[in-house]
Amino acid sequence: MAEINVFAPLSSLQWVDRERLRANDYNPNKVSEDNLQLLTQSILTNGWTLPIVVRPDYTIIDGFHRWTVSGREPLKTKLGGKVPVVIVAHTDESDDIYGTITHNRARGTHLLEPMKAIVKRLIDEGKTVPEISKQLGMKPEEIFRLSDFSRDDFLQMMTEGATYSKATIFKNI
């Protein structure tokens, strides 16, 4: 593997029409629809923070899922059909494959105890379960499992501020 100038990719940062990009034919990484929605929410909340890594021919090395959601609304309109890319020019195609896999694997996994601490902190800061659910892409049940609340306390939190209509009682005559 040839030594790479670590500054080179960011010096090539540019916004290009997303239609110029194409997927590679070897990426083993699959993401659920829920996680694609979470990725969209992340971009809407934080802005676009990671460019898509491409070869000089605009084949995606890393960022296929960012590219995918950029073609869906509301991102497609917000981005004007553009995506940020950086170009990595490897001399050996195997380096492209290594890049794809290492980018995917380097992102890691979330550990249970730190996630419990994060959920507790957010709840202690007054964040609602629906807000945490939306921002972290978690179902309320996941938040409950990560919290130290009893089932009854959690259900009360879920229904706080909810309004209900009066029930009508019908009697069979």
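Below is a summary of the structure that appears in this document. Note that the structure is a prediction, hence the values are computed from the model and not measured. (Residues numbered from 1 in each chain as written. Predicted model: local features only at pLDDT ≥ 70, side-chain atom pairs only at ≥ 80, totals over all residues. Heavy atoms only, no water.)

## Some points on the packing of aromatic side chains
Aromatic rings in a pair are described by how distant their centres are and how their planes are angled relative to each other.
Here is step 1 of the chain: Enumeration according to the criterion identifies two aromatic pairs in this entry.
Here is step 2 of the chain: Taking 6.4 Å as the distance between ring centres and 70° as the angle between the ring planes, the aromatic pair formed by Trp-15 and Trp-48 counts as edge-to-face. Placement of the pair is Trp-15 in strand β1 (residues 14–17) and Trp-48 in the loop between α2 (33–46) and β2 (52–54), with a sequence separation of 33 residues.
Here is step 3 of the chain: The exposure class assigned to Trp-15 is partly exposed, which follows from its relative accessible area of 46%.
Here is step 4 of the chain: Ring geometry for Phe-64 against Trp-67: centres 5.7 Å apart, planes inclined by 45°, an arrangement best described as tilted. Here Phe-64 and its partner Trp-67 are both found in helix α3 (residues 64–70), three residues apart, which amounts to about one turn of the helix. (Phe/Tyr/Trp six-rings, centres within 6.5 Å; stacked < 30°, edge-to-face > 60°. Helix = DSSP H or I, 4+ residues; strand = E, 2+ residues; numbered from the N terminus. Buried < 20%, exposed > 50% of the residue type's maximum accessible area, 1.4 Å probe, protein only.)

## Looking at the sheet that holds strand β4 (residues 82–87)
Here is step 1 of the chain: As summarised here, the arrangement of the four strands in space is β1-β4-β2-β3, forming an open sheet in which the pairing is mixed. Two strands bound the open sheet, and with one partner strand each, they are β1 and β3 (60–62). On average, adjacent strands in this sheet sit at an angle of 55° to one another, irrespective of strand direction.
Here is step 2 of the chain: Here β1 runs beside β4; their pairing, made up of four bridges, is antiparallel. Residue pairing for β4: Asp-17 is matched across the bridge by Lys-82.
Here is step 3 of the chain: Its contacts with the sheet place helix α5 (residues 93–106) against β2 and β3, and it is angled at close to 40° to β3. (Pairing = 2+ DSSP bridges. Axes fitted to C-alpha atoms, helices over the stretch in contact; angles between N-to-C directions. Contact = heavy atoms within 4.5 Å.)

## Some points on the nonpolar core
Here is step 1 of the chain: Residues Leu-21, Ile-52, Val-54, Val-83 and Val-85 are the most contacted members of the largest nonpolar core, which totals 15 residues.
Here is step 2 of the chain: If you list the elements that add at least two residues to this core, you get α2, β2, α3 and β4.
Here is step 3 of the chain: In contact with Leu-21, other than residues within four places in its own chain, are Val-16, Ile-52, Val-54, Tyr-58, Ile-60, Trp-67, Val-83 and Val-85.
Here is step 4 of the chain: Judged by nonpolar contacts, the second largest core, of eight residues, contains Val-119, Val-129, Met-138 and Ile-143. (Core = buried A, V, L, I, M, F, W, Y, C linked by side-chain atoms within 4.5 Å.)

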